[in-house]
Amino acid sequence: MTLRTLALATCLGWTVIAPLIETREAVAAEAGRRAVAVASAAEPVRAGAAMVPLRVPSGTPLAGYGSLRRRLLVPDLLGLHPHAFWFRPAEGELDAPAARALVVETATGTLVVSASHTHSGPGAFLDSWLMGILATDRFDGEVLRAFLDTVVEAVQRAEAGKAPSRIGTARIDGPALTASRLDQPVDPEIVVLRVVSPTGAPIALLWNYAIHGTVLGARNLKYSGDVMGMAARELERRLRVPALFVNGAVGDVSPRRHGPTALAADARTLAAAVEETWARANPEPVSTLTMRTARVRLPAPTLSLRNCTRPWIPRALTLPLGRTLPRETELIAGALGGAAWVTIPGELQARLGRAVKEAGQAAGLHAFVAGVSNDYLGYFLAAEDYDRSAYVACASLYGPDGGVRLTRAASELLQELAAGGQR
């Protein structure tokens, strides 16, 4: 049997679960697009991990805020900045961005790309005129190539270091670091996947938590992974293992506190909670990785002027977005050891994320939501929360039914996953 790999790499707020691909061109073509269905191995899986500092070209801007504080006074029509057009170049870094990779050897490969969703990561890598104007700056191929080169190197190093492994899972309710934008309950759960050698030597830490990377506001002009990135750095210092973060159902979730002082304190608090969860995980031999995929048809994408402005605006006033956004997306569910996950191509509301988890629990799976994965299609709210004048509703581009469709499809995938067996 020809073995391929499941690779999980985190970079700049982006997390990649991908087949090990031999060429960099193939990584660029495949990243964030699709996955293969089922993977298994007759013997316990082999795993390797690595962390590689990201090589960001000098002059690259930050992505994440459309604020005037981040923008140039006028667009760079004269070419004064090598990689910035709408936005100001970054002014150094608070915590260095990096690519972190976990490779798990399986019979076939799968690909998932997830963003940790920092609002202080490098921009200019996204080939979208709309997102470029709003928050990421004009696409620059050199920036994207540097990003991909780092991810490929991290995956290759992780692949080269593969060894027999055991995997454990644990979860706790984390500290009260978040608040709802919609005055509703948030999901405090921290989920940890602990990967170690048969002797217990640490190989990798994968952790899931729902928080927006907006502790640092638009005034910040330095690269940072925000609270998730700084917590990951602290975990790596304590545990001496690559710490890969995957965000959860974060659509209506914001950090309670903001600013550089809060960033340092809350990152330490979050890292301590993740370390506690890591200690509770009991690694065991795992021989099977199970995957399921589903295509989901979405409503026609539109921008509601009422949701974006004032409630007295007629509901019929909308801006069609059919030429800029797709009508179909793909969800991927997977299970490895005691953990299961399902991807969402955007920011799912916390109450919908909890519904997905409950569906997994009913099927006998301890599942988490891998938010902002494989694509970015905006926010997805429950139907009863869609019709309001608020940022999260304005950015819900698939109407009141978009969130319902994704939640139903994700729940059904987890049920299929459980029916097919996950160990």
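Read on for an overview of the structure.

Reading the values: rules and limits
Residues numbered from 1 in each chain as written. Predicted model: local features only at pLDDT ≥ 70, side-chain atom pairs only at ≥ 80, totals over all residues. Heavy atoms only, no water. Helix = DSSP H or I, 4+ residues; strand = E, 2+ residues; numbered from the N terminus. Buried < 20%, exposed > 50% of the residue type's maximum accessible area, 1.4 Å probe, protein only. Contact = heavy atoms within 4.5 Å. Areas by Shrake-Rupley, 256 points an atom, 1.4 Å probe, with all protein chains shown as cover. Axes fitted to C-alpha atoms, helices over the stretch in contact; angles between N-to-C directions. Parallel < 35°, antiparallel > 145°, perpendicular 65-115°, else oblique. Left-handed = near helix turned anticlockwise from the far one by under 90°. Salt bridge = Lys/Arg side-chain N within 4 Å of Asp/Glu carboxyl O. Pairing = 2+ DSSP bridges. Nonpolar A, V, L, I, M, F, W, Y, C, P; charged D, E, K, R; others polar. Phe/Tyr/Trp six-rings, centres within 6.5 Å; stacked < 30°, edge-to-face > 60°. Disulfide = S-S within 2.5 Å.

Examining the overall build of the protein
Item 1. Of the regular secondary structure elements, the protein holds 10 helices and 24 strands.
Item 2. For the protein, the proportion of its 423 residues judged to be buried stands at 58%.
Item 3. In the protein, 81% of the contacts between residues at least 6 apart in sequence involve partners at least 24 apart.
Item 4. Roughly 17,200 Å² of accessible area belongs to the protein as shown, and the carbon and sulfur atoms make up 54% of that amount.

Description of the packing of helix α7 (residues 350-362) against helix α10 (residues 399-420)
Item 1. Two elements in contact, α7 and α10, have axes whose closest approach is 8 Å; the angle formed by their N-to-C orientations is 20 degrees. Relative to α10, α7 is oriented roughly parallel. When you trace α7 past α10, the crossing you get is right-handed. Every residue of α10 that contacts α7 at Leu352, Ala355, Val356, Ala359 and Gly360 is listed here: Gly403, Thr407, Ala410, Ser411 and Leu414.

Points about the pattern of salt bridges
Side chains that differ in sign of charge can pair as their charged atoms come close.
Item 1. Taken as a whole and assessed by the stated rule, the structure comprises 19 salt bridges.
Item 2. The partner of Glu236 in a salt bridge is Arg100, and the shortest N-O contact between them spans 2.4 Å. Of this pair, Glu236 sits in helix α4 (residues 226-239) while Arg100 sits in strand β6 (residues 98-106), and the two are 136 residues apart along the sequence.
Item 3. Relative accessible area serves as the criterion here: at 12%, Glu236 is assigned to the buried category.
Item 4. A salt bridge links Glu234 to Arg237, with the shortest nitrogen-to-oxygen separation between them at 2.6 Å. Here Glu234 and its partner Arg237 are both found in helix α4, 3 residues apart, which amounts to about one turn of the helix.
Item 5. For Glu234, a relative accessible area of 17% translates into the label buried.
Item 6. Here Arg237 falls in the exposed class, since its relative accessible area comes to 53%.
Item 7. Residues joined by salt bridges that share partners form a network here, namely Arg171, Asp187, Glu189 and Lys357.

Some points on unusual backbone geometry
Item 1. A positive phi is found at Arg240, a non-glycine position, where the angle reads about 55 degrees.
Item 2. As for its placement among the helices and strands, Arg240 is situated in the loop between α4 and β14 (243-247).
Item 3. Exposure remark for Arg240: the relative accessible area of 73% places this residue in the exposed category.
Item 4. Residue Val372 is not a glycine yet carries a positive backbone phi of 50 degrees.
Item 5. Within the element layout of this structure, Val372 appears in the loop between β23 (367-370) and β24 (379-380).

Notes on the sheet that holds β14
Item 1. The 5 strands are arranged β14-β13-β12-β10-β16 in an open sheet whose pairing can be described as mixed. A single partner strand is all that each edge strand has here, and the edge strands are β14 and β16 (284-285).
Item 2. In this structure, strand β10 (residues 166-173) lies alongside β16, joined through 2 bridges in antiparallel fashion. Of the residues in β16, the one forming a bridge with Arg166 is Pro285.

Remarks on the pairing of β23
Item 1. Taking every second residue as pointing to the same face, both faces of β23 are buried, with Ala367 and Val369 on one and Phe368 and Ala370 on the other.
Item 2. Summarising the sheet, strand β21 (residues 339-343) and β23 pair through 4 bridges and their orientation is parallel. Across the sheet, the residue bridging to Thr343 is Ala370, located in β23.

Concerning the packing of α4 against helix α5 (residues 260-280)
Item 1. Put simply, α4 and α5 touch, their axes get as near as 8 Å, and they point 50 degrees apart. Comparing their axes, α5 and α4 come out oblique. In the packing of α4 onto α5, the handedness of the crossing is right-handed. Contacts between α4 and α5 involve Asp226, Val227, Met230, Ala231, Glu234, Leu235, Arg238 and Leu239 from the former and Leu263, Ala264, Asp266, Ala267, Arg268, Leu270, Ala271, Ala272, Val274, Glu275 and Trp278 from the latter.
Item 2. In terms of residue class, the contact of α4 with α5 is built from 13 nonpolar, no polar and 6 charged.

Describing the packing of aromatic side chains
Item 1. The tally for this structure, following the rule as stated, stands at 6 aromatic pairs.
Item 2. Between the aromatic rings of Phe125 and Phe147, the centroid separation amounts to 5.9 Å while the plane-to-plane angle is 10 degrees, which identifies the pairing as stacked. Remark: Phe147 occurs in helix α3 (residues 141-160) and Phe125 occurs in the loop between β8 (121-122) and α2 (129-136); sequence separation between them is 22 residues. In this pair, the class of Phe125 matches that of Phe147, namely buried.
Item 3. A centroid spacing of 5.6 Å and a plane angle of 80 degrees characterise the contact between Tyr379 and Tyr391, whose relative ring orientation is edge-to-face.

Comments concerning the state of the cysteines
Item 1. Per the stated rule, a full pass over the model turns up 1 disulfide.
Item 2. Here Cys308 pairs with Cys394 through a disulfide, and the sulfurs are 1.9 Å apart. Across the S-S bond linking Cys308 and Cys394, the dihedral sits near 90 degrees, which makes this disulfide right-handed. Remark: Cys394 occurs in helix α9 (residues 391-394) and Cys308 occurs in helix α6 (residues 305-308); sequence separation between them is 86 residues.
Item 3. Given a relative accessible area of 29%, Cys308 falls into the partly exposed group.
Item 4. Overall, the relative accessible area of 18% leaves Cys394 in the buried class.

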